[in-house]
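This is what each chain is made of:
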Amino acid sequence: MSAKSPPFLLEAQKITKAFYHPKTVHILKDISLQIQAAESVAIVGRSGEGKSTLLQILGTLEDPCEGSLYIEGEKINSSNRTRMRNEKIGFVFQSFHLLEDYTALENVLMPARIARKSIGEGSQAKQRGLALLDQVGLADRAHFHTKLLSGGEKQRVALARAMCNDPCLILADEPSGNLDSHTALIIHDILLNFAKHEKKALLLVTHDRELAQLCSRRYELRNGILIEA
Ligand SMILES: Nc1ncnc2c1ncn2[C@@H]1O[C@H](COP(=O)(O)OP(=O)(O)OP(=O)(O)O)[C@@H](O)[C@H]1O
Ligand SMILES: [Mg+2]
């Protein structure tokens, strides 16, 4: 890369992953991937191919067996991992991982709380949290405990939470898997605009061919490698 080029927002080099219990399975065999600002990348693939595992590794939540990961050009290691994750990455998990006894707004503000930002009345973070809930169509559910929300509503809270700290990278695992087609379109717009207009990077796993088509690039994860699709 020339000195002038900005670093990739996400770069993975030769990632491998195997699980050894209850029996050995080699899930990821050789994964290299680079994503620049304003790019959106979709990963498709059959159930069980390792898409969620890959996202967890790219999001620094799980260690690869081998390979390296760089976020905005900085190599991830054990001493910068937590800071990088909090500052740079927003997640939308396949199973949401919301705190059910907290309200939608409290969940959305969790990354800000972890980053020790002020989240009190009138704080910038709280304003942003409310605006994000409004953006995903949940302004009137802000003060509901998330256990009272529907599956699709939870998914949208998870998306708002992913954007809370204004990360440079969003990793989204089937972000519209539980939504009706109208709400799914709204969520796709939010995700794609996040990448395109805010010059961030979006990597999503989806079974939705239409959503995959809207992304700048597509890969299929098959037999442990990424194939351009
Ligand atoms: N901690 C673990 N220990 C052992 N095996 C695991 C572990 N985590 C995942 N696996 C296995 O790795 C494979 C890939 O799982 P993963 O959840 O990444 O698939 P996926 O592509 O996201 O599937 P889906 O489309 O159903 O969500 C599965 O066969 C799963 O059983
Ligand atoms: Mg999965």
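Criteria and thresholds
Residues numbered from 1 in each chain as written. Chains lettered and ligands numbered in written order. Predicted model: local features only at pLDDT ≥ 70, side-chain atom pairs only at ≥ 80, totals over all residues. Heavy atoms only, no water. Pairing = 2+ DSSP bridges. Helix = DSSP H or I, 4+ residues; strand = E, 2+ residues; numbered from the N terminus. Contact = heavy atoms within 4.5 Å. Axes fitted to C-alpha atoms, helices over the stretch in contact; angles between N-to-C directions. Near = heavy atom within 4 Å. Polar contact = N/O pair within 3.5 Å; in protein donor to acceptor, adjacent residues only side chain to side chain. Areas by Shrake-Rupley, 256 points an atom, 1.4 Å probe, with all protein chains shown as cover. Phe/Tyr/Trp six-rings, centres within 6.5 Å; stacked < 30°, edge-to-face > 60°. Buried < 20%, exposed > 50% of the residue type's maximum accessible area, 1.4 Å probe, protein only.

Asks: Can you walk me through the sheet that holds strand β2 (residues 25–35) in this structure?
Replies: To summarise the sheet geometry, strands pair through backbone hydrogen bonds and adopt either a parallel or an antiparallel arrangement. The strand order across the open sheet built from four strands is β2-β1-β4-β5, with neighbouring strands paired in antiparallel fashion. Where the open sheet ends on each side, the last strands, each with one partner, are β2 and β5 (74–75). Bridge count for strand β4 (residues 66–71) against β5 is two bridges, and the pairing is antiparallel. Within β5, the position partnered with Y70 by the bridge is K75. Each of β1 (10–19), β2 and β4 touches helix α1 (residues 51–58); the most contacted strand, β1, lies at about 125 degrees to it.

Asks: Help me understand the site of ligand 1 in this model?
Replies: What surrounds ligand 1 is a group of 14 residues, the closest being S47, G48, K51, S52 and T53. One of the backbone N or O atoms of E49 is found 3.3 Å from an oxygen atom in ligand 1. Residue Q94 places a side-chain N or O atom 3.0 Å away from an oxygen atom belonging to ligand 1. Protein contact buries 61% of the 640 Å² of open area that ligand 1 shows by itself. Examining the composition of the shell around ligand 1, we find that three residues originate from one element, α1, more than from any other.

Asks: Would you take a moment to explain the packing of aromatic side chains for this structure?
Replies: Two measures describe an aromatic ring pair: the distance that separates the ring centres and the angle between the ring planes. Under the criterion given, the structure shown has one aromatic pair. Their ring planes at 10 degrees and their centres at 5.0 Å tell us that F91 and F93 sit as a pair that is stacked. Among the residues examined, F91 registers a relative accessible area of 12% and is labelled buried.

Asks: Any chance you could explain the sheet that holds strand β9 (residues 217–222) here in plain terms?
Replies: The strand order across the open sheet formed by six strands is β6-β7-β8-β3-β9-β10, and the pairing between neighbours is mixed. Only two strands of the sheet have a single partner each, and these edge strands are β6 (89–92) and β10 (225–228). Along the sheet, successive strands turn relative to each other by an average axial angle of 20 degrees, direction set aside. Along the sheet, helix α2 (residues 81–88) makes contact with β6 and β7 (169–173), crossing β6 at roughly 75 degrees. Here helix α7 (residues 181–198) sits on the sheet and contacts β3 (40–44), β7 and β8 (201–205); the angle it forms with β8, its principal contact strand, is near 145 degrees.

Asks: Got a minute to help me understand the environment of M110 in this structure?
Replies: One can find M110 in helix α4 (residues 110–114). Classification of M110 by relative accessible area gives buried; the value is 15%. Once the C-alpha coordinates of M110 and A162 are considered, the two residues, 52 residues apart in sequence, prove to be 9.7 Å apart. Contact partners of M110, with chain neighbours within four places excluded, come to L99 and Y102.

Asks: Explain the side chain of Q155 here, please?
Replies: Along the polypeptide, Q155 turns up in helix α6 (residues 151–163). A relative accessible area of 2% places Q155 in the buried class. Looking at Q155, its side chain comes within polar contact range of the main-chain oxygen of E174, at 2.8 Å. When residues no more than four places from it in sequence are discounted, the contact partners of Q155 are V92, F96, E174, P175, S176, G177, N178 and L179.

Structural measurements only, silent on function.
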